[in-house]
Amino acid sequence: MEETTLERLRYPIGKYEIPNPITEEHLQEWIAILEHLPERLGALVNPLSEVQLETAYRPGGWTVRQLVHHISDSHHHSYIRFKWALTEANPTIKPYFEKEWANLFDAKTAPIQLSLNHLTAVHAKLVYLLKGLSPDDLQRKFTHPEGNEETTLAENIGRYAWHGGHHLAHIEQLIKRSKW
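Summarised in this report is the structure supplied together with it.

Scoring rules and cut-offs
- Residues numbered from 1 in each chain as written.
- Predicted model: local features only at pLDDT ≥ 70, side-chain atom pairs only at ≥ 80, totals over all residues.
- Heavy atoms only, no water.
- Helix = DSSP H or I, 4+ residues; strand = E, 2+ residues; numbered from the N terminus.
- Rg over C-alpha atoms; globule rule 2.2 N^0.38 Å.
- Buried < 20%, exposed > 50% of the residue type's maximum accessible area, 1.4 Å probe, protein only.
- Contact = heavy atoms within 4.5 Å.
- Areas by Shrake-Rupley, 256 points an atom, 1.4 Å probe, with all protein chains shown as cover.
- Polar contact = N/O pair within 3.5 Å; in protein donor to acceptor, adjacent residues only side chain to side chain.
- Pairing = 2+ DSSP bridges.
- Core = buried A, V, L, I, M, F, W, Y, C linked by side-chain atoms within 4.5 Å.

**A look at the overall build of the protein**
Right, on to step 1. Check the secondary structure of the protein and you find 9 helices and 2 strands.
Right, on to step 2. In terms of overall dimensions, the protein is globule-like: its C-alpha atoms have a radius of gyration of 17 Å, near the 16 Å expected for 180 residues.
Right, on to step 3. Considering only C-alpha atoms, the protein reaches an extent of 45 × 35 × 30 Å along its principal axes.
Right, on to step 4. Considering the protein as a whole, with its 180 residues, one finds that 44% of them fall into the buried category.
Right, on to step 5. For the protein, restricting intrachain contacts to residue pairs at least 6 apart in sequence, the fraction spanning at least 24 positions comes to 76%.
Right, on to step 6. Looking at the protein as shown, the accessible area adds up to about 10,000 Å², and 54% of this sits on carbon and sulfur atoms.

Dropping the structure here:
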């Protein structure tokens, strides 16, 4: 497969770019995206058959089932990172090996409803938390040990709004290409 085609399949909405400055409008838009992600994801994947759930969104990519479980796992980690940054001074977060998590038994075989329910609960808590953050809270940081990259909570809100949309687009494009 041609490299540019593969890149479009990998990043259908582009890579995350941090706006400068991050405005109140950005934050409100991102929080709304996070608030509606579980509902949008459920509406997209619940009609799919078991065979469709086992279809990779691109050559060498995860199946729809693995994507659903990945989104839930990743956003759970994000919620914890917000809590750490709000309760510790610039903590170094613990990364996780998402590719290995996606290859675990549960990510490959568990009913997607488990992760849809989990994502609904995590996002309800996350959105409630985010709506209550002060401007000072939004500037709190955590550090990712890979590259020692510092991230503000404002940036992380945008990153996870993008992340959800990124994987929704993977599934939407697969459905469109497959004419499901």
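**Description of the environment of Ile175**
Right, on to step 1. Along the chain, Ile175 turns up in helix α9 (residues 153–178).
Right, on to step 2. Along the primary structure Ile175 and Leu44 are separated by 131 residues, whereas in three dimensions their C-alpha atoms are 9.0 Å apart.
Right, on to step 3. Leaving out residues up to four positions away in the same chain, Ile175 has contacts with Leu44, Leu48 and Trp180.

**Notes on the side chain of His70**
Right, on to step 1. Its location among the elements puts His70 in helix α4 (residues 64–87).
Right, on to step 2. Side-chain polar atoms of His70 contact the side chain of His163, separated by 3.1 Å.
Right, on to step 3. Apart from residues lying up to four places away in sequence, His70 is in contact with Trp62, Tyr96, Glu98, His163 and His167.

**Concerning the pairing of strand β1 (residues 141–144)**
Right, on to step 1. Relative to strand β2 (residues 149–152), β1 is paired through 4 bridges, and the arrangement is antiparallel. Bridge pairing links Thr143 to Glu150 in β2.
Right, on to step 2. Linking two consecutive strands that pair antiparallel, namely β1 and β2, is a turn of 4 residues; a positive phi of about 85° is found at Gly147 within it.

**Quick word on the nonpolar core**
Right, on to step 1. Core analysis: the biggest nonpolar cluster contains 23 residues, and Leu34, Phe82, Leu130 and Ile157 have the highest contact counts within it.
Right, on to step 2. When contributions to this core are tallied by element, the ones reaching two or more residues are α2 (24–45), α4, α7 (112–131) and α9.
Right, on to step 3. Broken down by element, the residue count for this core peaks at 6 residues, all from α9.
Right, on to step 4. Not counting residues within four places of it along the chain, the set of residues in contact with Ile157 comprises Leu27, Trp30, Ile31, Leu34, Phe82, Leu130 and Leu138.

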